[in-house]
Amino acid sequence: MTKDIATPLRTKEILARHGFHLKKSLGQNFLIDTNILTNIVEAAEIDEETGVIEVGPGIGALTEYLARKAKKVVAIEIDQRLLPVLADTLSPYPNAEVIHSDVLKADLEQLLIDKFSDVKQVKVVANLPYYVTTPILMRFLEGRLDVTSITVMIQSEVAQRIAAKPGTKEYGALSIAAQYYAHAERVMTVPASVFVPPPRVDSAVLHLRVREEPAAKVIDESYFFEVFHASFANRRKTILNNLTHNLGPKERKPEMEEALQEAAIDPKRRGETLSIEEFATLSDALYTRLK
Ligand code: SAM
C-alpha cells in the first residue's frame, strides 16, 4: 500500500513540492489524520460495488481512502490549481477520477448516468467546504439525485441543526428540509487539530441515509416548504402568528385557524415543537383553503 497522504508530514511535503498555497475563500482545510478518514469511510459503509461522488478532494487525502474501498470514485474539485497535484497523488488509484467543476454548477444527473452505470449504488462522501455546506447538501437532496447516502464532514453546529429533533433549540427549517429527504445522524465530533489549517469552528461527521420516499406525503411540496419556513421565521412567535405574518395573506387568518384546528395543532404552539408529519398535515389543510 502506498504512503497515506493524510499525515502532517506528507501533506506538507506535497504542498511544498507543488508550491501550493491554501485558499481560505474555498474552504481549504485539509485532513491530516488517518483515524478520522477511517471513521468517515466506515460511517459511509463503502464496498467494492459502491460508486462514490466526492466533493472537493483537495490533495486527495479522503479520495485515496475511498478509492481503496470503492469500485469507483469521482471527485469534483473547483480549484484548477489542484488538478496537477491530484494527478500526482492519486496516480496509484486508477479507479479515482477527478472532474474540474464547481459542484453547484455541474450536471450531476448526467454525471450519475455517465460514470456510474456499472455500480450497485452511489454514495456521496466529502469533507465539505464549509462556506457552501447547505447549498451542496440541498443540491443532492432536493435534486432527488440517485444516491443512497451522504456522509460529510461539516461544521458541528450545522450538523446539530440538520439532525435535530422537534422540541430542541437546534430544530428548525434546515432540520425539516433535510429530514424530509433523509434520516440524519451526527456520527462524531471532530477537533480542529485534524485539519491544516485548523478551522475556527468545531466540526462533525454527519450521515444522511436518503429515503426512498420523502418522510411525508403532501399535496404541494413547494408550499410545504413555504409553510415550515414561515413557521420558523420568528422563533418566539406562535405558529399562528408566524403563519399570518410570514405566509399570509393576513386577512385569511380565520382560514389559518381552521386549518390548524383540522390538523389538531394548538395555534399557540411554536414551530419548533411540530414534527414533519404535523407540518405536512398543516400544509395540506392550509393549501386546500388558501390556494
Ligand atoms: N477532501 C480534502 C480533505 O479532506 O483534505 C479537502 C477538503 S476541503 C475542506 C474542501 C475542498 O473543496 C477544497 O479542495 C476546495 O477547493 C473544494 N471546493 C470548494 N468549493 C467547491 C465547489 N463549489 N465545488 C467543488 N469543490 C469545491
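Above this text you will find the structure in question.
Note that the structure is a prediction, hence the values are computed from the model and not measured. (Residues numbered from 1 in each chain as written. Predicted model: local features only at pLDDT ≥ 70, side-chain atom pairs only at ≥ 80, totals over all residues. Heavy atoms only, no water.)

(A) Up close: the overall build of the protein chain. Broken down by element type, the protein chain carries twelve helices and nine strands. Taking the principal axes of its C-alpha atoms as reference, the protein chain extends roughly 70 × 40 × 30 Å. Buried residues in the protein chain amount to 52% of all 291 residues. The long-range share in the protein chain, meaning contacts at least 24 apart out of those at least 6 apart in sequence, stands at 70%. Accessible surface for the protein chain amounts to roughly 13,600 Å². Of this, 50% is attributable to carbon and sulfur atoms. Seen as two clouds, the 36 positive and the 40 negative side-chain charges of the protein chain have centres 6 Å apart. (Helix = DSSP H or I, 4+ residues; strand = E, 2+ residues; numbered from the N terminus. Buried < 20%, exposed > 50% of the residue type's maximum accessible area, 1.4 Å probe, protein only. Contact = heavy atoms within 4.5 Å. Areas by Shrake-Rupley, 256 points an atom, 1.4 Å probe, with all protein chains shown as cover. Lys, Arg positive; Asp, Glu negative; His and termini not counted. Charge placed at Lys NZ, Arg CZ, Asp CG, Glu CD.)

(B) Looking closely at the pairing of strand E4 (residues 96–100). Sheet analysis places strand E3 (residues 72–77) next to E4, joined by five bridges and oriented parallel. By the bridge assignment, Ala-75 is partnered in E4 with Val-98. Between the parallel pair E3 and E4, the chain is carried across by helix H4 (residues 83–89), and the sense of this crossover is right-handed. (Pairing = 2+ DSSP bridges. Right-handed = clockwise from strand over helix to strand, strands pointing away.)

(C) The arrangement of the nonpolar core in detail. Core analysis: the biggest nonpolar cluster contains 69 residues, and Phe-140, Ile-162, Leu-282 and Leu-286 have the highest contact counts within it. Aside from chain neighbours lying at most four places away, what touches Leu-282 is Val-227, Ile-239, Leu-243, Ala-259, Leu-260, Ala-263, Ile-265 and Leu-274. (Core = buried A, V, L, I, M, F, W, Y, C linked by side-chain atoms within 4.5 Å.)

(D) Molecular detail of the sheet that holds strand E6 (residues 149–155). Strand order in the open sheet formed by seven strands is E4-E3-E2-E5-E6-E9-E7, and the pairing between neighbours is mixed. Lying at the two open borders of the sheet, with one neighbouring strand each, are E4 and strand E7 (182–190). Looking at each pair of strands side by side, their axes are set apart by 20° on average, direction ignored. Sheet topology note: the E7/strand E9 (residues 203–210) ladder contains eight bridges and is antiparallel. Paired with Val-190 across the bridge in E9 is Ser-203. Where helix H6 (residues 133–142) meets the sheet, its contacts fall on strand E2 (50–55), strand E5 (121–127), E6, E7 and E9, and the angle it forms with E6 comes to roughly 170°. Across the face of the sheet, helix H8 (residues 173–181) comes into contact with E7 and E9 while running at roughly 115° to E7. (Axes fitted to C-alpha atoms, helices over the stretch in contact; angles between N-to-C directions.)

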